[in-house]
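Reading the structure
Next come the chains, spelled out residue by residue.
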Amino acid sequence: MRALNVILYSCIVPLLCACAANPESGSGKCAGRAGNQILVTFDKPGKVNLDEGIRYYPECPDPDVKLDVYYPDLPWGNYEKCKVPCLIAIHGGGWSMGNEKKFAMMAAYMASKGYVVACISYRLWPEYDWDCALFDAKRALAWLKKNASRYFGDPEKIGVVGGSSGGVMSVQLAATTGTFWSSDFFEGIDDSVQACVAMAAGCDMTNPRRFGKMFGNDHKKAARYSPYTYLNPSMPPVLLLHAKNDPAVTSNESRMMKSALDKLGVKCEAVYYDSNDHAFWNVKPNDPFRLRSWNDAVAFFDKILKKK
């Protein structure tokens, strides 16, 4: 079985050491090392393939902006019968750290459940401005819509999942369809997504905790990047996952978002875990909320993207 080359930042290494405890994993090992990142391994679920290191935005000035595609090993034959939904997975890290490997384990797990999953990286602050991250996510979405069929993926059934700052970007993708953020790189392709899962997302960019540090006290710039500016009744269904005692992003952020979406008539569900971890989906190998959050996300996507 082909090994997956996976590199994750040391801040989430504890997550990886015992992934083999997952009873649904296969025997292929994932491993990698680079710079200040350290060697990690985990068992690859059976019948999951990987196409990695794709420059989805070849003209990007940052050569590290790439994506990896995890996809199920489906039988060859009638393409229409084999099409499966697609997901974009967006890592967190305060827009200033992380790469496409950070959601590797979750992506491989979701691929084993019948999804084509593109884990993306994007340009990071402060080397690049805040706008670059969302524009890159839009470019990744355009790439996936154009290339989904290569992996038996359905370009008309795409969900987005992210954690922390990646959760904010997930809501941004769900809310900004057809806006100036879409630009001309879509070349007429619809830039909508059909479902969104945002984990521990602090979406109010005008919050004083972010306003000064992230946007230099420029309220207009903060509002321009805030998902609240773009919320609308046409948004797809949203699932919010949050730890009740999140020390980094208060769970009240998800309650505020749910209230705003409810007022707009957008279908929104929220789950609050009895946990003290900000990144509950990616930090402790034996934490029940890690696998539970993965399964809660899959169940939500199944309900929206796999309905007949």
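So, here is what we can say about the structure in this document. (Residues numbered from 1 in each chain as written. Predicted model: local features only at pLDDT ≥ 70, side-chain atom pairs only at ≥ 80, totals over all residues. Heavy atoms only, no water.)

1. Description of the overall build of the protein chain
Where we set the bar: Each helix corresponds to a stretch of at least 4 residues labelled H or I by DSSP, and each strand to a stretch of at least 2 residues labelled E; elements are numbered beginning at the N terminus. Three labels apply to residues, based on accessible area from a 1.4 Å probe with only protein chains included: buried if under 20% of the type maximum, exposed if over 50%, partly exposed otherwise in between. By definition, residues are in contact when any of their heavy atoms lie within 4.5 Å. Accessible surface is estimated by sampling points in the Shrake-Rupley manner with a 1.4 Å probe; for residues, cover comes only from the protein chains shown.
From N to C terminus, the protein chain includes nine helices and 11 strands. Burial statistics for the protein chain: of 308 residues in total, 60% are counted as buried. In the protein chain, the proportion of contacts linking residues at least 24 apart, taken out of those at least 6 apart, comes to 73%. As displayed, the protein chain has an accessible area near 12,600 Å², and 51% of this comes from carbon and sulfur atoms.

2. Regarding the nonpolar core
Basically, it comes down to this: Buried Ala, Val, Leu, Ile, Met, Phe, Trp, Tyr and Cys residues form a nonpolar core when they are joined through side-chain atoms within 4.5 Å.
Counting residues in hydrophobic clusters, the biggest one holds 61 residues, and the most contacted among them are W95 and Y225. With nine residues, helix 4 (residues 130-147) is the single largest residue contributor to this core. Ignoring anything within four residues of it in the chain, the contact list for Y225 reads W95, W130, D131, A133, L134, M169, Q172, W181, M205 and F215. Formed by 38 residues, the second largest nonpolar core is a distinct cluster that contains V197, L239, A243 and I304.

3. Regarding the sheet that holds strand 10 (residues 238-243)
Selection rule: The rule for pairing is simple: two strands pair if DSSP sees at least two bridges between them. Where helices are involved, their axes are fitted lines through C-alpha atoms of the stretch in contact, as for all axes, and angles between N-to-C directions lie from 0 to 180°.
Read from one edge to the other, the open sheet built from eight strands follows the order 4-5-7-6-8-9-10-11, with strand pairing classed as mixed. The two strands at the open ends of the sheet, each matched to only one other strand, are strand 4 (48-54) and strand 11 (268-273). If you compare each strand with its neighbour and ignore which way they point, the axes differ by 15° on average. Two strands pair when backbone bridges link them, and strand 6 (residues 84-90) and strand 7 (residues 116-120) are joined in this way by five bridges, in the parallel orientation. Note on strand 7: the bridge partner recorded for C86 is V116. With respect to the sheet, helix 8 (residues 252-264) is in contact with strand 10 and strand 11, its orientation differing from that of strand 11 by roughly 165°. Packing against the sheet, helix 9 (residues 288-305) makes contact with strand 6, strand 8 (153-163), strand 9 (195-199), strand 10 and strand 11, and its axis sits at approximately 165° to strand 9.

4. A look at the side chain of S192
Just so we agree on the cut-off: Under this definition, polar contacts are N or O atom pairs within 3.5 Å; protein pairs additionally need one hydrogen-donor-capable and one acceptor-capable atom, and for neighbouring residues in sequence, both atoms have to be side-chain atoms.
Along the polypeptide, S192 turns up in the loop between helix 5 (165-175) and strand 9. Among the polar contacts listed, one links the side chain of S192 to the side chain of D190, at a separation of 2.6 Å. Engagement of the side chain of S192 in a polar contact is seen with the side chain of Q194, the distance being 3.2 Å. Not counting the four nearest positions on each side in its chain, S192 is found in contact with L141, K145 and T177.

5. Points about the side chain of T176
With respect to the element layout, T176 can be found in the loop between helix 5 and strand 9. Residue class for T176 comes out buried when judged on its relative accessible area of 0%. Not counting chain neighbours up to four residues away, the residues in contact with T176 comprise K138, W181, S182, D191 and Y230.

6. Some details on the packing of aromatic side chains
Spelled out, the test is: Only centres within 6.5 Å qualify two rings of Phe, Tyr or Trp (six-membered ring in Trp) as a pair; their planes then separate them into stacked at under 30 degrees, edge-to-face at over 60, and tilted for everything else. Charge over a ring is defined by NZ of Lys or CZ of Arg lying within 6 Å of the ring centre and within 35 degrees of the ring normal.
Following the criterion strictly, the structure yields 20 aromatic pairs and no others. When the ring of W181 is compared with that of Y225, the centres are 6.0 Å apart and the planes differ by 75°; the resulting orientation is edge-to-face. On the criterion of sequence distance, the pair formed by W181 in the loop between helix 5 and strand 9 and Y225 in helix 7 (residues 219-225) is long-range, its members being 44 residues apart. In terms of burial, W181 and Y225 fall into one category: buried. Members of the aromatic cluster, joined through ring pairs, are W95, W125, W130, F135, F180, W181, F215, Y225 and Y230. It is R139 that lies over the ring of Y57; its NZ or CZ is 4.0 Å from the centre.

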